[in-house]
Every structure is written in structure tokens, then in C-alpha cells.
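Summary of structural features
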Amino acid sequence: MGRAFEYRRAAKEKRWGKMSKVFPKLATAITLAAKEGGADPEMNAKLRTAIANAKAQNMPKDNIEAAIKRASGKDGNFLEITYEGKAANGVLLFIECMSDNPTRTVANIKSYFNKTPGASLLTNGAVEFMFERKGEFVLDLAGLEAENIENLELELIDFGLDSLESVLDSMDLDSAETSEIESKKGEFVAYCKYEDFGNLQNALESKNIAVKSAKLVRLPTSPITLNEAQLSELEKLLDKIEEDDDVQEVYTNLG
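None of the values given here were measured: they were computed from a predicted structure. (Residues numbered from 1 in each chain as written. Predicted model: local features only at pLDDT ≥ 70, side-chain atom pairs only at ≥ 80, totals over all residues. Heavy atoms only, no water.)

**Topic: the pairing of strand 4 (residues 131-140)**
The two faces of the sheet receive side chains in turn, since in a regular strand these alternate between them. The buried fraction of strand 4 amounts to seven of the 10 residues, a majority that puts the element mostly inside the structure. Pairing of strand 4 with strand 7 (residues 210-220) involves 10 bridges; the strand directions are antiparallel. Following the sheet pairing, L139 is matched in strand 7 by V211. Relative to strand 6 (residues 187-193), strand 4 runs antiparallel, the two being bridged by seven bridges. (Buried < 20%, exposed > 50% of the residue type's maximum accessible area, 1.4 Å probe, protein only. Helix = DSSP H or I, 4+ residues; strand = E, 2+ residues; numbered from the N terminus. Pairing = 2+ DSSP bridges.)

Structure (C-alpha cells):
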């Protein structure tokens, strides 16, 4: 996980917070999870994860319950759709959507690419192989001594852990604000293979490890770097895509 990853995450969180977009996206994820595996979080790991992510963003309990109830109604007919594309300077994009109107979604996604110089929407499968699907858990290990964190890492390897990284180690501390640094103290990111997601999730729950978020992500196999001007230009396209209500995640090959 590099600095570009943290830059992207911080930029997205700032946009979502400003635009109040995060709750609708989280609600859609909850609804789809409940529709696929049932409304009982204890029996539905995907729903349990979606609810945990919503709580991590301070989503009200009433909103969560309403999203679960929608799964049994006509408003719960969401489909998972993915799109692949490229932008200027060798940037590849993989977009995950949840939509109750695929015609609307594809029209919107096409327009974002068509209006961006050097960008184009590609056929499915064109860039997916350039990303590795993994499980990502953001953990709150504040209060644990370094030795205890090392012991925890060794224990979690038996449950599929690939790596455990401090968020602060990937940040540019010289340019980060003091409040941002303080908020990330004790925060670690755990990665595992796609197929080990459930095992690691259960292990973290059994050890009472505070999980701030848990999700499946796509990490680039051949990451690239951009200068500030190129990154700023890319953000214009990413802004348009991520502001779309149907878009859940956007992955790039930035390192």
C-alpha cells in the first residue's frame, strides 16, 4: 500500500463526506447483501461486513435497518455490474457498481469517459487481469504494544493473513496534518487472499479485534506512479465516476 493509495482514499472520503454520498452507497451494499444471503447478520457474513462498514462511517441504526428491509421489497432488485476503462498516462480503471437500472448506469459511465480527453471505456476483461482481488481489513490496534502486534500477525497467518501494515508507514508525514496523523495512529491494514476473506474475518471476530472496515479490493499487479499534475488531471475523471450513486468502488493501477 503506497502513498498514492492513501492519497486516493483520503480524497474519496473527503468527497463523500462533503457530498453526503456515503450513506446511499453503504445502504445499497447492505440491501444487496441481505437479498443474496438473508436478513440475519449472524448467518450472512457479507451482510455482517456491510453493516460493520456502515457503522464505521457512523451510519444511523435506522438507516441500516431500513436498508435490510428493502431487500424483501421491489426496491431491492440491485445487480452487481463492473466496467473497465483506461485514462491518460497509462492509468487503468476497474469500476464496481450496484444498480437497479443497468441502462442508466452504463449510459452515465460512458459519458464520464467520453467527456475526458485520453479516456475510453473498454470491454469487460480488458484490464481485470491487471488487478489481484484480495481481502482488506482496516484494524484499530491502538493500545497494543509492538510485540503484541507482532504476535497477532503470526497468529493470523494461520487464518490466511498475507500482510499487516501500519497506515502511518505509507503516509507522507511531512505533508500530513497533525490531526490526520493522530487519527491514523494504531490503524493497520491487513490483507489476505480472496478465498481467505471469511477465515480471516472469523479469526478477527473471535479475537475481538476492532475492525474499522472490511471489504474485497482489487490491487494492481503492476502499479504505476504519476506526478502531481497528472494525478490532479486524473482526479477530475475519478470525481465524476465516484459521485455517481450507482458506483461503489473505483480501482486504479496507481502504486
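**Some details on the sheet that holds strand 4**
A sheet is described by the order of its strands in space; here four strands give the open sequence 5-6-4-7, paired in antiparallel fashion. Sheet topology places strand 5 (161-166) and strand 7 at the edges, where each strand pairs with a single neighbour. Looking at each pair of strands side by side, their axes are set apart by 25° on average, direction ignored. Here strand 5 pairs with strand 6 via five bridges, running antiparallel. By the bridge assignment, L164 is partnered in strand 6 with A190. (Axes fitted to C-alpha atoms, helices over the stretch in contact; angles between N-to-C directions.)

**Here's the deal with the packing of aromatic side chains**
All chains considered together, the criterion is met by two aromatic pairs. Aromatic side chains F94 and F131 sit 6.4 Å apart centroid to centroid with 55° between the ring planes, which places their arrangement in the tilted category. In this pair, F94 is assigned in strand 2 (residues 91-99) and F131 in strand 4, connecting sequence segments 37 residues apart. F131 shares its class with F94; the two are buried. Their ring planes at 20° and their centres at 4.8 Å tell us that F137 and F197 sit as a pair that is stacked. On the criterion of sequence distance, the pair formed by F137 in strand 4 and F197 in helix 8 (residues 197-206) is long-range, its members being 60 residues apart. Across the pair, F197 and F137 agree in class, each one buried. (Phe/Tyr/Trp six-rings, centres within 6.5 Å; stacked < 30°, edge-to-face > 60°.)

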